[in-house]
Amino acid sequence: MRKVSIFGATGSIGQSTIDLIARAPDNYQVVALTGGQNIAQLAQDARRLQAQVAITADETRLGDLREALAGTNIEVAAGRSALVEAATRPSDWTMSAIVGAAGLEPGLRALQSGADLALANKESMVCAGPLMLRTATAAGQQLLPVDSEHSAVFQGLIGEDLSAVERVIITASGGAFRDWPLDDLEKATPEQAATHPNWDMGQRITIDSASMFNKALELIETKEFFGFSPSQIETVVHPESMIHALVGFNDGALMAHVGPADMRHAIGFALHYPERQTLPVERLDLVKLGQFTFRPACETRWPALRLAREVMEAGGLMGAVFNAAKEVALDAFIDRQINFPRMAGIVEEVLTRLSSQASHNPDAITLDMVMQADHLAREDARAIIAA
Ligand code: NDP
(Lines give C-alpha, C1' and ligand atoms only; values in the text may rest on other atoms or scores of the structure.)
Protein backbone atom coordinates (compact mmCIF):
# COMPACT_ATOMS: atom_id res chain seq x y z
CA MET A 1 0.00 0.00 0.00
CA ARG A 2 1.30 3.46 -0.88
CA LYS A 3 1.36 6.03 1.89
CA VAL A 4 -0.04 9.37 0.74
CA SER A 5 -0.62 12.79 2.32
CA ILE A 6 -2.67 15.64 0.96
CA PHE A 7 -1.88 19.22 1.99
CA GLY A 8 -4.78 21.50 1.11
CA ALA A 9 -7.17 18.52 1.03
CA THR A 10 -10.31 20.65 1.39
CA GLY A 11 -9.55 22.78 -1.68
CA SER A 12 -10.31 22.27 -5.34
CA ILE A 13 -7.09 20.33 -6.11
CA GLY A 14 -7.26 18.50 -2.78
CA GLN A 15 -10.80 17.30 -3.50
CA SER A 16 -9.87 16.11 -6.99
CA THR A 17 -6.93 14.22 -5.48
CA ILE A 18 -9.21 12.62 -2.90
CA ASP A 19 -11.61 11.64 -5.66
CA LEU A 20 -8.84 9.61 -7.33
CA ILE A 21 -7.56 8.07 -4.11
CA ALA A 22 -11.02 7.16 -2.85
CA ARG A 23 -11.63 5.16 -6.05
CA ALA A 24 -8.84 2.74 -5.09
CA PRO A 25 -8.95 2.56 -1.27
CA ASP A 26 -6.98 -0.71 -1.19
CA ASN A 27 -4.01 0.93 -2.89
CA TYR A 28 -3.49 3.83 -0.50
CA GLN A 29 -2.92 4.44 3.17
CA VAL A 30 -3.70 8.07 3.96
CA VAL A 31 -1.26 9.62 6.42
CA ALA A 32 -2.14 13.33 6.69
CA LEU A 33 -5.01 15.42 5.41
CA THR A 34 -4.85 19.16 5.96
CA GLY A 35 -7.28 22.02 5.53
CA GLY A 36 -8.03 25.50 6.81
CA GLN A 37 -11.54 26.77 7.51
CA ASN A 38 -13.55 23.91 6.02
CA ILE A 39 -13.60 21.67 9.09
CA ALA A 40 -16.68 19.69 8.02
CA GLN A 41 -15.06 18.62 4.73
CA LEU A 42 -11.75 17.83 6.41
CA ALA A 43 -13.42 15.67 9.06
CA GLN A 44 -15.64 13.90 6.53
CA ASP A 45 -12.67 12.99 4.30
CA ALA A 46 -10.49 12.01 7.26
CA ARG A 47 -13.19 9.58 8.38
CA ARG A 48 -13.87 8.26 4.89
CA LEU A 49 -10.19 7.71 4.09
CA GLN A 50 -9.24 6.68 7.66
CA ALA A 51 -6.45 9.22 7.78
CA GLN A 52 -3.80 8.94 10.47
CA VAL A 53 -3.94 12.66 11.25
CA ALA A 54 -6.16 15.62 10.27
CA ILE A 55 -4.81 19.14 10.62
CA THR A 56 -6.36 22.54 10.27
CA ALA A 57 -4.03 25.45 9.58
CA ASP A 58 -6.21 27.63 11.82
CA GLU A 59 -5.40 27.11 15.50
CA THR A 60 -8.72 28.63 16.55
CA ARG A 61 -10.55 25.78 14.78
CA LEU A 62 -8.82 22.95 16.66
CA GLY A 63 -11.79 22.47 19.02
CA ASP A 64 -14.20 22.20 16.08
CA LEU A 65 -12.00 19.62 14.38
CA ARG A 66 -11.59 17.63 17.59
CA GLU A 67 -15.36 17.60 18.03
CA ALA A 68 -15.98 16.60 14.42
CA LEU A 69 -13.62 13.63 14.78
CA ALA A 70 -14.69 12.58 18.28
CA GLY A 71 -15.06 8.83 18.63
CA THR A 72 -12.46 8.04 15.96
CA ASN A 73 -8.79 7.25 16.48
CA ILE A 74 -7.73 9.95 14.01
CA GLU A 75 -5.21 12.36 15.53
CA VAL A 76 -6.07 16.03 15.29
CA ALA A 77 -3.77 19.04 15.34
CA ALA A 78 -3.75 22.69 14.29
CA GLY A 79 -1.45 25.49 13.23
CA ARG A 80 1.62 26.00 11.15
CA SER A 81 3.98 23.85 13.21
CA ALA A 82 1.48 20.97 13.11
CA LEU A 83 1.38 21.24 9.31
CA VAL A 84 5.16 21.09 9.13
CA GLU A 85 5.27 18.18 11.57
CA ALA A 86 2.73 16.28 9.47
CA ALA A 87 4.92 16.82 6.42
CA THR A 88 7.75 14.97 8.15
CA ARG A 89 5.64 11.83 8.68
CA PRO A 90 6.69 9.01 6.34
CA SER A 91 4.77 9.22 3.06
CA ASP A 92 5.55 7.87 -0.41
CA TRP A 93 3.64 10.57 -2.27
CA THR A 94 2.49 13.94 -1.02
CA MET A 95 0.17 16.39 -2.73
CA SER A 96 1.15 20.04 -2.20
CA ALA A 97 -2.15 21.89 -2.76
CA ILE A 98 -2.22 24.58 -0.11
CA VAL A 99 -2.84 27.92 -1.78
CA GLY A 100 -0.16 30.61 -1.59
CA ALA A 101 3.32 30.85 -0.09
CA ALA A 102 1.99 28.98 2.97
CA GLY A 103 2.45 25.79 0.92
CA LEU A 104 6.21 26.18 0.59
CA GLU A 105 7.53 24.88 3.91
CA PRO A 106 5.31 21.77 4.16
CA GLY A 107 6.35 20.83 0.62
CA LEU A 108 10.05 21.21 1.41
CA ARG A 109 9.70 19.14 4.58
CA ALA A 110 7.81 16.42 2.72
CA LEU A 111 10.63 16.14 0.16
CA GLN A 112 13.27 16.08 2.90
CA SER A 113 11.31 13.35 4.68
CA GLY A 114 11.32 11.03 1.68
CA ALA A 115 8.09 11.74 -0.20
CA ASP A 116 7.75 12.33 -3.91
CA LEU A 117 6.05 15.71 -4.14
CA ALA A 118 3.17 16.41 -6.50
CA LEU A 119 3.31 20.17 -6.82
CA ALA A 120 0.08 22.04 -7.45
CA ASN A 121 1.29 24.88 -5.24
CA LYS A 122 2.96 26.90 -7.98
CA GLU A 123 4.02 29.51 -5.43
CA SER A 124 6.70 27.08 -4.17
CA MET A 125 8.55 27.21 -7.49
CA VAL A 126 7.93 30.92 -7.97
CA CYS A 127 9.28 31.84 -4.53
CA ALA A 128 11.96 29.21 -4.13
CA GLY A 129 12.49 27.23 -7.35
CA PRO A 130 16.23 26.55 -6.89
CA LEU A 131 15.66 25.55 -3.24
CA MET A 132 12.86 23.14 -4.21
CA LEU A 133 14.98 21.51 -6.93
CA ARG A 134 18.03 21.30 -4.68
CA THR A 135 16.00 19.75 -1.89
CA ALA A 136 14.42 17.16 -4.19
CA THR A 137 17.81 16.22 -5.62
CA ALA A 138 19.47 15.97 -2.21
CA ALA A 139 16.63 13.78 -0.92
CA GLY A 140 16.54 11.66 -4.09
CA GLN A 141 12.82 12.40 -4.51
CA GLN A 142 10.70 13.27 -7.53
CA LEU A 143 9.19 16.71 -7.94
CA LEU A 144 6.14 16.25 -10.16
CA PRO A 145 4.27 19.19 -11.69
CA VAL A 146 0.50 19.27 -11.25
CA ASP A 147 -0.37 22.60 -12.80
CA SER A 148 -1.97 21.43 -16.06
CA GLU A 149 0.42 23.51 -18.18
CA HIS A 150 3.53 22.18 -16.46
CA SER A 151 2.24 18.62 -16.49
CA ALA A 152 1.72 19.13 -20.23
CA VAL A 153 5.29 20.39 -20.72
CA PHE A 154 6.64 17.57 -18.51
CA GLN A 155 4.77 15.02 -20.63
CA GLY A 156 5.94 16.70 -23.85
CA LEU A 157 9.56 16.39 -22.73
CA ILE A 158 9.53 12.68 -21.89
CA GLY A 159 12.29 11.00 -23.87
CA GLU A 160 13.39 14.29 -25.43
CA ASP A 161 16.75 16.00 -25.38
CA LEU A 162 16.29 19.33 -23.55
CA SER A 163 18.90 20.97 -25.76
CA ALA A 164 16.59 20.38 -28.76
CA VAL A 165 13.83 22.50 -27.21
CA GLU A 166 13.54 25.91 -28.82
CA ARG A 167 10.50 27.23 -27.01
CA VAL A 168 7.61 26.43 -24.74
CA ILE A 169 4.15 27.93 -25.21
CA ILE A 170 1.95 28.12 -22.14
CA THR A 171 -1.70 28.67 -23.03
CA ALA A 172 -4.07 30.92 -21.09
CA SER A 173 -7.86 30.89 -21.09
CA GLY A 174 -7.92 34.67 -20.62
CA GLY A 175 -10.14 34.37 -17.56
CA ALA A 176 -13.38 36.12 -16.78
CA PHE A 177 -12.58 39.44 -18.43
CA ARG A 178 -10.91 38.40 -21.67
CA ASP A 179 -13.67 40.01 -23.74
CA TRP A 180 -14.42 43.01 -21.51
CA PRO A 181 -13.64 46.51 -22.78
CA LEU A 182 -10.48 47.68 -20.98
CA ASP A 183 -12.29 50.71 -19.53
CA ASP A 184 -14.78 48.48 -17.71
CA LEU A 185 -12.13 46.65 -15.68
CA GLU A 186 -12.11 49.36 -13.02
CA LYS A 187 -15.69 48.39 -12.16
CA ALA A 188 -15.06 44.64 -12.03
CA THR A 189 -16.16 43.01 -8.76
CA PRO A 190 -14.49 40.08 -6.96
CA GLU A 191 -17.58 37.97 -7.70
CA GLN A 192 -17.28 38.65 -11.44
CA ALA A 193 -13.55 37.94 -11.38
CA ALA A 194 -14.14 34.66 -9.53
CA THR A 195 -16.33 33.24 -12.30
CA HIS A 196 -14.12 31.31 -14.68
CA PRO A 197 -15.41 30.56 -18.18
CA ASN A 198 -13.83 27.06 -18.38
CA TRP A 199 -12.44 25.77 -15.10
CA ASP A 200 -13.91 25.17 -11.66
CA MET A 201 -11.13 26.24 -9.26
CA GLY A 202 -10.59 27.93 -5.92
CA GLN A 203 -11.59 31.62 -5.57
CA ARG A 204 -8.03 32.99 -5.44
CA ILE A 205 -6.67 31.20 -8.50
CA THR A 206 -9.82 32.07 -10.45
CA ILE A 207 -9.38 35.79 -9.77
CA ASP A 208 -5.69 35.37 -10.62
CA SER A 209 -6.80 33.91 -13.95
CA ALA A 210 -8.83 37.02 -14.72
CA SER A 211 -5.85 39.28 -13.94
CA MET A 212 -3.40 36.78 -15.53
CA PHE A 213 -1.39 36.81 -12.33
CA ASN A 214 -1.96 33.07 -12.40
CA LYS A 215 -0.39 32.87 -15.86
CA ALA A 216 2.41 35.15 -14.70
CA LEU A 217 3.16 32.75 -11.84
CA GLU A 218 3.06 29.86 -14.32
CA LEU A 219 5.57 31.53 -16.65
CA ILE A 220 7.96 31.95 -13.73
CA GLU A 221 7.23 28.37 -12.63
CA THR A 222 8.09 27.15 -16.15
CA LYS A 223 11.47 28.85 -15.99
CA GLU A 224 12.22 27.47 -12.54
CA PHE A 225 10.91 23.94 -13.10
CA PHE A 226 12.50 23.20 -16.47
CA GLY A 227 15.37 25.68 -16.57
CA PHE A 228 14.33 27.41 -19.81
CA SER A 229 15.44 30.97 -20.40
CA PRO A 230 12.75 33.68 -20.26
CA SER A 231 13.08 34.26 -24.02
CA GLN A 232 12.10 30.62 -24.69
CA ILE A 233 8.82 30.93 -22.77
CA GLU A 234 5.78 32.30 -24.56
CA THR A 235 2.11 32.58 -23.76
CA VAL A 236 -0.94 32.71 -25.99
CA VAL A 237 -4.64 33.06 -25.20
CA HIS A 238 -6.54 29.90 -26.10
CA PRO A 239 -10.13 30.42 -24.96
CA GLU A 240 -11.15 26.75 -25.28
CA SER A 241 -8.49 25.65 -22.69
CA MET A 242 -8.04 22.29 -24.42
CA ILE A 243 -4.38 22.66 -25.34
CA HIS A 244 -2.54 23.17 -22.06
CA ALA A 245 0.95 23.78 -23.39
CA LEU A 246 3.12 23.19 -26.46
CA VAL A 247 6.79 22.32 -26.72
CA GLY A 248 8.62 23.52 -29.83
CA PHE A 249 11.73 21.68 -31.03
CA ASN A 250 14.66 22.70 -33.22
CA ASP A 251 13.28 20.77 -36.20
CA GLY A 252 10.14 22.93 -36.19
CA ALA A 253 7.91 20.32 -34.55
CA LEU A 254 5.41 21.65 -32.04
CA MET A 255 4.10 19.02 -29.63
CA ALA A 256 0.78 20.00 -28.06
CA HIS A 257 -0.78 18.43 -25.00
CA VAL A 258 -4.54 18.29 -25.53
CA GLY A 259 -6.85 17.25 -22.75
CA PRO A 260 -10.12 18.01 -20.99
CA ALA A 261 -10.38 20.86 -18.46
CA ASP A 262 -10.23 18.42 -15.55
CA MET A 263 -7.38 18.60 -13.05
CA ARG A 264 -7.72 14.89 -12.32
CA HIS A 265 -5.71 14.27 -15.50
CA ALA A 266 -2.61 16.13 -14.26
CA ILE A 267 -3.10 14.90 -10.68
CA GLY A 268 -3.53 11.30 -11.86
CA PHE A 269 -0.46 11.57 -14.08
CA ALA A 270 1.60 12.69 -11.07
CA LEU A 271 0.03 10.02 -8.85
CA HIS A 272 0.87 7.14 -11.18
CA TYR A 273 4.09 8.48 -12.71
CA PRO A 274 6.06 6.97 -14.41
CA GLU A 275 3.16 4.74 -15.46
CA ARG A 276 -0.02 5.83 -17.15
CA GLN A 277 -3.19 4.44 -15.66
CA THR A 278 -6.83 4.72 -16.69
CA LEU A 279 -8.35 7.95 -15.37
CA PRO A 280 -12.01 8.93 -14.98
CA VAL A 281 -11.76 11.99 -17.23
CA GLU A 282 -13.72 12.89 -20.34
CA ARG A 283 -12.38 11.60 -23.68
CA LEU A 284 -12.39 14.48 -26.12
CA ASP A 285 -14.46 14.36 -29.27
CA LEU A 286 -12.46 16.56 -31.64
CA VAL A 287 -15.23 16.78 -34.23
CA LYS A 288 -17.63 18.01 -31.58
CA LEU A 289 -15.06 20.57 -30.40
CA GLY A 290 -14.79 21.79 -33.99
CA GLN A 291 -11.96 24.26 -33.66
CA PHE A 292 -9.22 25.62 -31.45
CA THR A 293 -8.62 29.35 -31.51
CA PHE A 294 -5.73 31.51 -30.37
CA ARG A 295 -5.25 35.21 -29.62
CA PRO A 296 -2.25 37.26 -28.55
CA ALA A 297 -1.76 37.68 -24.81
CA CYS A 298 -1.92 41.47 -24.65
CA GLU A 299 0.34 43.00 -21.97
CA THR A 300 -1.78 46.18 -21.85
CA ARG A 301 -4.83 44.18 -20.82
CA TRP A 302 -2.76 41.89 -18.60
CA PRO A 303 0.26 43.82 -17.21
CA ALA A 304 1.01 40.84 -14.93
CA LEU A 305 2.57 39.14 -17.96
CA ARG A 306 5.07 41.96 -18.45
CA LEU A 307 5.87 41.91 -14.73
CA ALA A 308 6.48 38.14 -14.89
CA ARG A 309 8.99 38.65 -17.66
CA GLU A 310 10.79 41.30 -15.59
CA VAL A 311 10.81 38.97 -12.57
CA MET A 312 12.23 36.10 -14.62
CA GLU A 313 14.99 38.35 -15.96
CA ALA A 314 15.77 39.76 -12.50
CA GLY A 315 16.00 36.38 -10.70
CA GLY A 316 17.23 36.21 -7.09
CA LEU A 317 14.33 36.53 -4.66
CA MET A 318 12.15 38.62 -6.96
CA GLY A 319 9.77 35.70 -7.44
CA ALA A 320 9.07 35.65 -3.69
CA VAL A 321 8.58 39.45 -3.73
CA PHE A 322 6.25 39.22 -6.73
CA ASN A 323 4.12 36.48 -5.21
CA ALA A 324 3.81 38.09 -1.78
CA ALA A 325 2.88 41.48 -3.23
CA LYS A 326 0.34 39.76 -5.46
CA GLU A 327 -1.20 37.89 -2.50
CA VAL A 328 -1.64 41.13 -0.53
CA ALA A 329 -3.05 42.97 -3.55
CA LEU A 330 -5.45 40.09 -4.18
CA ASP A 331 -6.65 40.18 -0.54
CA ALA A 332 -7.22 43.94 -0.90
CA PHE A 333 -9.23 43.43 -4.10
CA ILE A 334 -11.33 40.67 -2.49
CA ASP A 335 -11.94 43.01 0.48
CA ARG A 336 -12.93 45.79 -1.98
CA GLN A 337 -10.14 48.12 -0.79
CA ILE A 338 -8.73 48.50 -4.31
CA ASN A 339 -10.09 48.03 -7.82
CA PHE A 340 -9.11 45.28 -10.22
CA PRO A 341 -6.43 47.09 -12.30
CA ARG A 342 -4.79 48.48 -9.15
CA MET A 343 -3.54 45.00 -8.21
CA ALA A 344 -0.90 45.11 -10.95
CA GLY A 345 0.04 48.69 -10.02
CA ILE A 346 0.72 47.67 -6.44
CA VAL A 347 2.80 44.66 -7.43
CA GLU A 348 4.85 46.80 -9.82
CA GLU A 349 5.54 49.40 -7.13
CA VAL A 350 6.69 46.72 -4.68
CA LEU A 351 8.96 45.14 -7.33
CA THR A 352 10.57 48.53 -7.94
CA ARG A 353 11.02 49.31 -4.25
CA LEU A 354 12.50 45.90 -3.46
CA SER A 355 14.60 45.48 -6.61
CA SER A 356 17.68 44.86 -4.44
CA GLN A 357 16.23 41.39 -3.72
CA ALA A 358 17.33 40.41 -7.23
CA SER A 359 20.97 40.33 -6.16
CA HIS A 360 20.76 37.01 -4.27
CA ASN A 361 22.59 34.04 -5.73
CA PRO A 362 19.87 31.43 -6.50
CA ASP A 363 22.14 28.58 -5.35
CA ALA A 364 22.49 30.15 -1.89
CA ILE A 365 18.80 30.85 -1.29
CA THR A 366 17.45 29.39 1.95
CA LEU A 367 13.92 29.10 3.33
CA ASP A 368 14.66 31.89 5.83
CA MET A 369 15.74 34.22 3.03
CA VAL A 370 12.57 33.47 1.07
CA MET A 371 10.40 34.08 4.14
CA GLN A 372 12.23 37.35 4.78
CA ALA A 373 11.68 38.59 1.21
CA ASP A 374 8.05 37.49 1.44
CA HIS A 375 7.65 39.43 4.70
CA LEU A 376 9.25 42.60 3.30
CA ALA A 377 7.06 42.52 0.21
CA ARG A 378 3.88 42.02 2.24
CA GLU A 379 4.75 44.95 4.51
CA ASP A 380 5.52 47.11 1.52
CA ALA A 381 2.35 46.20 -0.34
CA ARG A 382 0.24 46.87 2.78
CA ALA A 383 1.92 50.27 3.23
CA ILE A 384 1.18 51.18 -0.41
CA ILE A 385 -2.46 50.16 -0.03
CA ALA A 386 -2.83 52.06 3.24
CA ALA A 387 -1.20 55.26 1.86
P1 NDP B 1 -8.39 26.31 -2.86
O2 NDP B 1 -8.53 27.70 -2.40
O3 NDP B 1 -9.55 25.62 -3.46
O4 NDP B 1 -7.83 25.39 -1.66
C5 NDP B 1 -6.72 25.80 -0.90
C6 NDP B 1 -6.44 24.81 0.20
O7 NDP B 1 -5.45 25.36 1.07
C8 NDP B 1 -7.63 24.50 1.08
O9 NDP B 1 -7.49 23.22 1.62
C10 NDP B 1 -7.52 25.55 2.18
O11 NDP B 1 -8.25 25.21 3.34
C12 NDP B 1 -6.02 25.52 2.40
N13 NDP B 1 -5.46 26.75 2.92
C14 NDP B 1 -5.84 28.02 2.66
N15 NDP B 1 -5.04 28.90 3.29
C16 NDP B 1 -4.14 28.16 3.99
C17 NDP B 1 -3.05 28.48 4.85
N18 NDP B 1 -2.70 29.76 5.11
N19 NDP B 1 -2.34 27.48 5.40
C20 NDP B 1 -2.65 26.20 5.14
N21 NDP B 1 -3.69 25.82 4.34
C22 NDP B 1 -4.40 26.80 3.76
O23 NDP B 1 -7.16 26.33 -3.89
P24 NDP B 1 -6.91 25.43 -5.17
O25 NDP B 1 -7.14 24.00 -4.86
O26 NDP B 1 -7.61 26.04 -6.32
O27 NDP B 1 -5.37 25.68 -5.42
C28 NDP B 1 -4.37 25.11 -4.58
C29 NDP B 1 -3.00 25.33 -5.22
O30 NDP B 1 -2.98 24.64 -6.47
C31 NDP B 1 -2.71 26.79 -5.54
O32 NDP B 1 -1.36 27.04 -5.41
C33 NDP B 1 -3.13 26.92 -7.01
O34 NDP B 1 -2.43 27.94 -7.67
C35 NDP B 1 -2.73 25.54 -7.52
N36 NDP B 1 -3.45 25.10 -8.70
C37 NDP B 1 -4.82 24.99 -8.67
C38 NDP B 1 -5.52 24.58 -9.80
C39 NDP B 1 -7.00 24.38 -9.77
O40 NDP B 1 -7.55 23.91 -10.77
N41 NDP B 1 -7.69 24.68 -8.71
C42 NDP B 1 -4.81 24.29 -11.06
C43 NDP B 1 -3.39 24.36 -10.94
C44 NDP B 1 -2.73 24.77 -9.81
P45 NDP B 1 -9.81 25.62 3.55
O46 NDP B 1 -10.44 25.62 2.19
O47 NDP B 1 -10.32 24.51 4.43
O48 NDP B 1 -9.82 26.94 4.21
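A quick note: this is a predicted structure, and the numbers were derived from the prediction, not measured.

Reading the values: rules and limits
Residues numbered from 1 in each chain as written. Predicted model: local features only at pLDDT ≥ 70, side-chain atom pairs only at ≥ 80, totals over all residues. Heavy atoms only, no water. Near = heavy atom within 4 Å. Polar contact = N/O pair within 3.5 Å; in protein donor to acceptor, adjacent residues only side chain to side chain. Areas by Shrake-Rupley, 256 points an atom, 1.4 Å probe, with all protein chains shown as cover. Nonpolar A, V, L, I, M, F, W, Y, C, P; charged D, E, K, R; others polar. Patch = residues over 30% accessible without salt bridge, like charges linked within 9 Å, V, L, I, M, F, W, Y side chains within 5 Å. Salt bridge = Lys/Arg side-chain N within 4 Å of Asp/Glu carboxyl O. Lys, Arg positive; Asp, Glu negative; His and termini not counted. Charge placed at Lys NZ, Arg CZ, Asp CG, Glu CD. Helix = DSSP H or I, 4+ residues; strand = E, 2+ residues; numbered from the N terminus. Buried < 20%, exposed > 50% of the residue type's maximum accessible area, 1.4 Å probe, protein only. Expected span 1.5 Å × (residues − 1). Arc of directions from axis to C-beta. Contact = heavy atoms within 4.5 Å. Axes fitted to C-alpha atoms, helices over the stretch in contact; angles between N-to-C directions. Parallel < 35°, antiparallel > 145°, perpendicular 65-115°, else oblique. Left-handed = near helix turned anticlockwise from the far one by under 90°. Pairing = 2+ DSSP bridges.

S.K.: Teacher, can you tell me more about the site of the ligand here?
M.R.: Every one of the 25 residues lining the ligand counts as a neighbour, but Thr 10, Gly 36, Gln 37, Glu 123 and Asp 147 are closest to it. Contacts to the ligand include Ser 12, whose backbone N or O atom sits 2.9 Å from an oxygen atom. In isolation the ligand exposes 890 Å². Once the protein is present, 83% of that is buried. Here the residues of the shell around the ligand sort into twelve nonpolar, ten polar and three charged.

S.K.: I keep staring at a negative patch on the surface and nothing clicks. Help me out?
M.R.: Where like charges cluster on the molecular surface, the negative patch consists of Glu 160, Asp 161, Glu 166 and Asp 251. Of note, Asp 161 is situated in the loop between α7 (148-156) and β8 (165-172). We classify Asp 161 as partly exposed; its relative accessible area is 48%.

S.K.: Is there a simple way to explain helix α15 (residues 342-353) in this structure?
M.R.: Turn by turn, an α-helix covers 3.6 residues, leaving residues three or four places apart pointing in a common direction. Taking 1.5 Å per residue as the helical rise, α15 with its twelve residues ought to reach 16 Å, and the 17 Å between its terminal C-alpha atoms agrees with that figure. By the burial criterion, the buried members of α15 are Met 343, Ala 344, Ile 346, Val 347, Val 350 and Leu 351. Within α15, the buried residues cover an arc of 160 degrees as seen down the axis, which keeps them to one side. Buried-residue contacts for α15 involve α9 (203-211), α10 (213-226), α13 (303-314), α14 (318-334) and α16 (367-386).

S.K.: Hey, could you run me through a nonpolar patch on the surface in this one?
M.R.: Judged by side-chain polarity, Val 258, Leu 286 and Leu 289 come together as a nonpolar surface patch covering roughly 240 Å² of accessible area. On the secondary structure map, Val 258 appears in strand β11 (residues 254-258). Overall, Val 258 belongs to the partly exposed group, its relative accessible area being 37%.

S.K.: Teacher, can you tell me more about the pattern of salt bridges here?
M.R.: Note on pairing: side chains with opposite charge can pair once their charged atoms come close. Using the criterion set out here, one finds 29 salt bridges in the structure. The partner of Asp 184 in a salt bridge is Lys 187, and the shortest N-O contact between them spans 3.6 Å. The exposure class of Asp 184 is partly exposed, given its relative accessible area of 28%. Take Lys 187: its relative accessible area is 62%, and that puts it in the exposed class. Arg 264 is paired through a salt bridge with Asp 262; the nearest N and O atoms lie 2.8 Å apart. Per residue, the accessibility class of Arg 264 equals that of Asp 262, and both read buried. Each of the salt bridges in this network shares a partner with another, and the network as a whole consists of Lys 122, Asp 147, Glu 149, Lys 215 and Glu 218.

S.K.: Help me out: how do you make sense of α14 in this one?
M.R.: Spanning 17 residues, α14 covers 24 Å between terminal C-alpha atoms, matching the ideal 24 Å at 1.5 Å per step. Most of α14 is tucked away: 16 of the 17 residues are buried. Arg 336 occupies a position one or two residues after α14 and carries a positive phi of about 65 degrees.

S.K.: Would you explain the packing of helix α1 (residues 12-22) against helix α11 (residues 264-272) in this entry?
M.R.: A packed helix pair is summarised by two numbers, namely the angle formed by the two axes and the spacing between the axes. Two elements in contact, α1 and α11, have axes whose closest approach is 10 Å; the angle formed by their N-to-C orientations is 60 degrees. As the angle between them shows, α1 and α11 are arranged oblique. Pair α1 / α11 crosses with right-handed handedness. Across the interface between the two elements, Ile 13, Ser 16, Thr 17, Asp 19, Leu 20 and Ile 21 from α1 touch Arg 264, Ile 267, Gly 268 and Leu 271 from α11. Classifying every residue of the contact of α1 with α11 by side-chain character gives five nonpolar, three polar and two charged.

S.K.: Looking at this model, I keep getting lost on the sheet that holds strand β3 (residues 53-56). Mind explaining?
M.R.: Sheet strands pair via backbone hydrogen bonds, and the direction of the pair is either parallel or antiparallel. Pairing within the open sheet is parallel, and its seven strands lie in the order β4-β3-β2-β1-β5-β6-β7. Each having just a single partner strand, β4 (75-78) and β7 (143-145) make up the two edges of the open sheet. Strand-to-strand, the axes of this sheet are offset by a mean angle of 20 degrees, without reference to chain direction.

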